[in-house]
Structure formats: structure tokens, C-alpha cells
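# Report on the structure
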Amino acid sequence: MSVPADQYEFMKICHKARVKYSPGGREDMVDETTQSYREKLLCNTFPSANVQKWVGQIAAVSTDTNGRTTLAVSLDANTTIRAEHNESLKVTNALIIGAPGALFENSLLAKGQWIRFSGSFIRAERDCFSEKSRTLSGSIQKPEFAFQFSDISLIP
């Protein structure tokens, strides 16, 4: 499936960092340099955190006991974006989500579905965009970026 040029650039930057990364041992200095390298590329390439009409595959969708939805979308095999506790996702070609738990109750979104989406990354001092992995290795090898969805269209 083809993706917008800016999405391709984002995935390419993450891939370059993965290739440059050398996990473990005495390589920690190199690893932090790799993280800084990716941060610089992301900030320079993406002066705005907003994206339009990107494409991804739903990796996970769930609703907590308070009715708040968590949505994870894979951009490729190693890069994910995640919105947690989103109470008002708008899904076009379906309905507007507003009520707690509506995404899950209506089964609009399910793991494995392809979507086109818009929204914005959450800015952060480190990594340029907020990255949620708990380890440096995870941050580089399988980054998971915080994201706020503004629109989602199901791709048939």
C-alpha cells in the first residue's frame, strides 16, 4: 500500500536509526548518539507535528473500565504510533465517536484493519516526538510514538 511522502520520510528516518544502532555493552555512547541522530532528523524534517492522511494497520485497540480508548497503529513492522485514553476519535465512513467505549462497542476498529488517519505527534524535548519505549533499545529498534488522532477513515 502506498503511503504519503512525509510518512515515507518518517519511516525512513526510523529505519536509518535502527540500522545505525548497536545494542549493548560498550556501545551505549553510540546508542545515545543514534537517538540524538534520529531526534535531529525528525525535528528538521518535521517542523510541524501534524500529519494528514497517513496509512497504517491497527496493532491494538482496547477500552478501559472508564470507557477510554487506546489505539495503536503500525506504520511498518517496527514503528508504531499510540493514542491512549482518547475519548473522542472521529471515524469517517462510520460514525462520530463520542460516548465512552463507543469504538469497542460498535466494533468499528479491530486489530489488523487498515486505516487512513490524520492527527499530530506529541512534542517532546527528547526524541522531538514523545516516544514511549522503556529502554533505549526499544526506543530505537521498535519505537512507539505518542499520537493524537483527529480523523480516521477505514480502508476497505
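Since the model is a prediction, treat every value here as computed from it, not as a measurement.

Below, the discussion takes up the nonpolar core. By size, the foremost hydrophobic cluster in this structure holds 27 residues, and its most contacted members are Phe10, Ile81, Phe117, Phe121, Phe129 and Phe149. Counting residues per element, the ones that place at least two in this core are α1 (5–20), β1 (50–63), β2 (69–74), β3 (80–86), β6 (114–121) and β7 (144–154). In this structure Phe121 touches Phe10, Ala49, Val51, Trp54, Ile81, Phe129, Phe145, Ala146 and Phe147, once residues within four positions along its chain are discounted.

Between its first and last C-alpha, α1 extends 23 Å over 16 residues, near the 22 Å set by a 1.5 Å rise per residue. Looking only at α1, the buried set comprises Gln7, Phe10, Met11, Ile13, Cys14, Ala17 and Arg18. Projected onto a plane normal to the axis of α1, the buried residues spread over an arc of 150 degrees and lie on a single side. Turned more than 90 degrees away from the buried face of α1, the exposed residues are Ala5 and Val19.

Attention shifts here to unusual backbone geometry. The phi angle of most residues is negative, glycine excepted, and most peptide bonds adopt the trans form. The residue Lys53 is not glycine, and still its phi comes out positive at about 55 degrees. Mapped onto the secondary structure, Lys53 falls in strand β1. On the basis of relative accessibility, which here comes to 54%, the residue Lys53 falls in the exposed class.

Enumeration over the complete set of coordinates arrives at three salt bridges. The partner of Arg18 in a salt bridge is Asp76, with the nearest N and O atoms 3.9 Å apart. Residue Arg18 is found in helix α1, and its partner Asp76 is found in the loop between β2 and β3; the two are separated by 58 residues along the sequence. On the basis of relative accessibility, which here comes to 16%, the residue Arg18 falls in the buried class. Overall, the relative accessible area of 26% leaves Asp76 in the partly exposed class.

Let us now look at the environment of Asn44. With respect to the element layout, Asn44 can be found in helix α2 (residues 28–45). When its relative accessible area of 57% is taken as the criterion, Asn44 is described as exposed. Between the C-alpha atoms of Asn44 and Cys128, which are 84 residues apart in sequence, the distance is 9.4 Å.

What counts, and at which threshold
- Sequence order as written defines the numbering, with residues in each chain counted from 1.
- Totals for whole chains, interfaces and linings use every residue, but because this is a predicted model, local features are given only for residues with pLDDT of at least 70 and side-chain atom pairs only at 80 or more, for both listing and counting.
- By convention in this description, side-chain values take in all heavy atoms of the structure and omit both hydrogens and water.
- By convention a nonpolar core is built from buried Ala, Val, Leu, Ile, Met, Phe, Trp, Tyr and Cys residues, the set being connected through side-chain atoms within 4.5 Å.
- Each residue's exposure class comes from its accessible area (1.4 Å probe, protein chains only) as a fraction of the maximum for that residue type: buried when under 20%, exposed when over 50%, partly exposed otherwise.
- Segments assigned H or I by DSSP are reported as helices when at least four residues long, segments assigned E as strands when at least two residues long, and all are numbered from the N terminus.
- By definition in these notes, contact holds between two residues if any of their heavy atoms fall within 4.5 Å.
- Expected span of a helix, by definition, is 1.5 Å for each gap between consecutive residues, and there is one gap fewer than residues.
- The reported arc concerns the directions from the helix axis to the C-beta atoms and nothing else.
- One side-chain nitrogen of Lys or Arg within 4 Å of one carboxyl oxygen of Asp or Glu is enough to make a salt bridge.

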